[in-house]
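Fold and contact review
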Amino acid sequence: MVNTDKEMELRHFRCVLAVAHSLHFARAAAELGISPPALTKQVQETEQLLGTRLFQRSKRAVSLTAAGELFVIEATRALGQLAQAQEVARRAGRGELGRLEIGYVASAAYSGVLQDQFARFRASHPGIHIGAREYAMDTLPGLLDQGRVDLAFVRPPLHLPDGLDSVVLLRDRFVLAVQADSPLASFDAAAPAALAQQAFIVPEQELGTLEVSRRGGFAAQVVSRPGSLVAVLTEVSLGVGCAIVPHSVMASVQLPGVVFRELAGPQISSEIAVAFRRHEQAPATRAFIAQLRVAALD
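What you see is a predicted model; the values in this text were computed from it and never measured. One numbering rule holds for all chains: residues counted from 1, following each sequence as written. Local features in this predicted model are restricted to residues of pLDDT 70 or higher, and side-chain atom pairs are both shown and tallied only at a pLDDT of 80 or more, whereas totals for entire chains, interfaces and linings draw on every residue. Derived side-chain values reflect all non-hydrogen atoms in the structure, with water molecules and hydrogen atoms excluded from consideration.

With that settled, the discussion passes to the overall build of the protein. Per the secondary structure count, the protein includes eleven helices and twelve strands. Put simply, the radius of gyration uses C-alpha atoms, and a globule should come to 2.2 Å times the residue count raised to 0.38. Against the compact-globule benchmark of 19 Å for 298 residues, the protein has a radius of gyration of 33 Å, which places it well outside the compact range. Dimensions of the protein, computed from C-alpha atoms along their principal axes, come out at roughly 105 × 35 × 30 Å. When accessible area is computed with a 1.4 Å probe and restricted to protein chains, residues below 20% of their type maximum are described as buried, those above 50% as exposed, and intermediate ones as partly exposed. Within the protein, the fraction of its 298 residues that count as buried is 42%. By definition, residues are in contact when any of their heavy atoms lie within 4.5 Å. Considering only contacts within the protein whose residues lie at least 6 apart along the sequence, 69% involve residues at least 24 apart. In this description a helix means any DSSP run of H or I spanning at least four residues, a strand means any run of E spanning at least two, and both kinds are numbered starting from the N terminus.

If you want it as structure tokens, here you go:
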């Protein structure tokens, strides 16, 4: 009769498998580090819980019953799955397994910073799945703060909520993008003051546009804020206006009808950084943050 008041425990599985392996109670007991009577009691209790005999016993031999043979197959599989679950948990706790969701702005990909950090992390943490998606830059701090992404590749300056931090991975500079037919295309380097009468298409990071207008002593005439850098350059190619964009775009994106020119005077600096939660608890994310801190610029 099946005993429904108790449930099987790991000790029951281990005792039965030890006996099944050696078909000898004394040797199995020695292997488990318990006395033969204690082992016999555990096996009998298992049989009572199952309501069936697992072993045929005689003075000379021990053998498995048909039920016992099937039980051993499933018990071995169950203990193997348990061992795998334990190992998965340990590896996840060490940051070797898990999942990361990363948000980025396009210029992080154009610069190669995103790809470089991905490649490094995948090489050292092959068990971690990384998902990546481009977002509008002004949405990334909120997504990070809400836990919807784990890391955010951004282009400062950008306001970060309390609890978020960032490290700079690349220093870049701004350049001028103009339509190929524009008189400005004939310049080797355009002085900010020469842009006073231009219409401006402004990308997500408007720092370059603001600094050019400050240095040139004029208020920029903003005619469009289309969002992505590709959209910005498309409008430049259509003659809508000029744009101040990161140099990394100049090296990575070529559109018909668009040329890039340096800006005269001191470089207008731009940066690519990665933002993260200051008190991150997830081991996989902490491992990526540790990599970023090593790669960070002073």
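This part is about the nonpolar core. Judged by nonpolar contacts, the single largest core of 34 residues is most densely connected at Ile102, Ile130, Leu151, Phe153 and Phe288. Elements that contribute at least two residues to this core include exactly β3 (98–104), α6 (113–124), β4 (128–134), α7 (140–145), β5 (151–154), β6 (164–179), β12 (269–277) and α11 (283–295). Once residues lying within four places of it in the same chain are set aside, the contact partners of Leu151 are Glu101, Ile102, Gly103, Leu144, Val274, Ala275, Phe276, Thr285, Phe288, Ile289 and Leu292. Of all hydrophobic cores here, the second largest spans 19 residues; its members include Phe13, Val16, Ala20 and Phe25. In these notes, a set of buried Ala, Val, Leu, Ile, Met, Phe, Trp, Tyr and Cys residues joined through side-chain atoms within 4.5 Å is what counts as a nonpolar core.

It is worth spelling out the layout of surface pockets at this point. With a 1 Å grid laid over protein atoms only, a set of points is called a cavity when a 1.4 Å probe fits there but cannot get out and a pocket when it is open yet has protein on both sides within 12 Å along at least five of seven lines; lining residues have an atom within 4 Å of a point. Grid points are joined across faces, edges and corners, and a volume is the space filled by probe spheres set on the points. Counted as a void, the largest pocket has a volume near 160 Å³. Along the walls of the largest pocket sit Ala136, Met137, Asp138, Pro157, Leu158, Glu204, Gln205, Glu206 and Leu207, which together make up its complete lining. Under the scheme applied here, ten amino acids are nonpolar (Ala, Val, Leu, Ile, Met, Phe, Trp, Tyr, Cys and Pro), four are charged (Asp, Glu, Lys and Arg), and all others, including Gly, are polar. Taken together, the residues of the lining of the largest pocket break down into five nonpolar, one polar and three charged.

Moving on, we come to the packing of helix α1 (residues 10–22) against helix α3 (residues 36–50). Two measures define how a pair of helices packs: the angle their axes make with one another and the distance between the axes. Between N-to-C directions, angles cover 0 to 180 degrees, with each direction set by a line fitted to C-alpha atoms, over the stretch in contact for helices. Running from amino to carboxyl end, α1 crosses α3 at an angle of 110°, the nearest separation of the two axes being 9 Å. Between α1 and α3, the interaxial angle falls into the category roughly perpendicular. Crossing of α1 against α3: the hand is left-handed. When α1 is examined against α3, the residues Arg11, His12, Cys15, Val16 and Val19 are found in contact with a partner set consisting of Leu39, Gln42, Val43, Glu45, Thr46 and Leu49. Throughout this description, any angle smaller than 35 degrees is read as roughly parallel, any larger than 145 degrees as roughly antiparallel, any in the 65 to 115 degree range as roughly perpendicular, and the remainder as oblique. Should the near helix be turned anticlockwise from the far one by less than a right angle, the crossing is termed left-handed; should it be turned clockwise, right-handed.

Glancing now at a nonpolar patch on the surface. On the surface, Val223, Leu238 and Val240 cluster together into a nonpolar patch covering about 260 Å² of accessible area. Along the chain, Val240 turns up in the loop between α9 (229–237) and β10 (243–246). Each patch is built from residues that are more than 30% exposed by relative accessible area and take part in no salt bridge. Like charges join if they lie within 9 Å; nonpolar side chains (Val, Leu, Ile, Met, Phe, Trp, Tyr) join within 5 Å. In short, Shrake-Rupley with a 1.4 Å probe defines the accessible areas, and a residue's cover is counted only from the protein chains shown. What makes a salt bridge here is a side-chain nitrogen of Lys or Arg within 4 Å of a carboxyl oxygen of Asp or Glu, nothing more.

Further remarks concern the pattern of salt bridges. The tally for this structure, following the rule as stated, stands at 16 salt bridges. Close ionic contact of Arg77 with Glu74 constitutes a salt bridge, the shortest N to O distance being 3.0 Å. You can see Arg77 and its partner Glu74 sitting in helix α4 (residues 66–93), three residues apart, about one turn around the helix. Of the residues examined, Arg77 reaches a relative accessible area of 52% and is grouped as exposed. Taking the shortest distance from any N to any O, the salt bridge between Arg155 and Asp172 comes out at 3.7 Å. Of this pair, Arg155 sits in the loop between β5 and β6 while Asp172 is found in strand β6, placing the two residues 17 residues apart along the sequence. Residue Arg155 is classed as buried on the basis of its relative accessible area of 2%. Through salt bridges that share partners, Glu9, Arg11 and Glu45 make up one connected network.

Here α1 is 13 residues long and its end C-alpha atoms lie 19 Å apart, about the 18 Å a rise of 1.5 Å per residue gives. Just past α1, the residue Leu23 takes up positive phi, approximately 50°. Each residue after the first adds 1.5 Å to the expected span of a helix.

Looking now at the pairing of strand β9 (residues 221–227). Any two strands with at least two DSSP bridges between them are considered paired. Judged from the four bridges that link them, strand β8 (residues 199–203) and β9 form a sheet pairing that is parallel. For Phe200, the partnering residue across the bridge sits in β9 and is Val222. For the crossover from β8 across helix α8 (residues 207–216) to β9, the handedness is right-handed. A clockwise path from the first strand over the helix to the second, with the strands pointing away from the viewer, defines a right-handed crossover.

Right, let's talk about empty space enclosed by the protein for a bit. In the structure shown here, the tally under the stated rule is one cavity of 30 Å³ or more. The calculated volume of the largest cavity comes to roughly 130 Å³. Lining of the largest cavity is provided by 15 residues; of these, Ser107, Arg155, Glu204, Gln205 and Leu229 occupy positions nearest its centre. Those elements that place two or more of their residues in the lining of the largest cavity are α5 (106–111) and β10.

Keep in mind that these numbers describe shape and distance, not what the molecule does.
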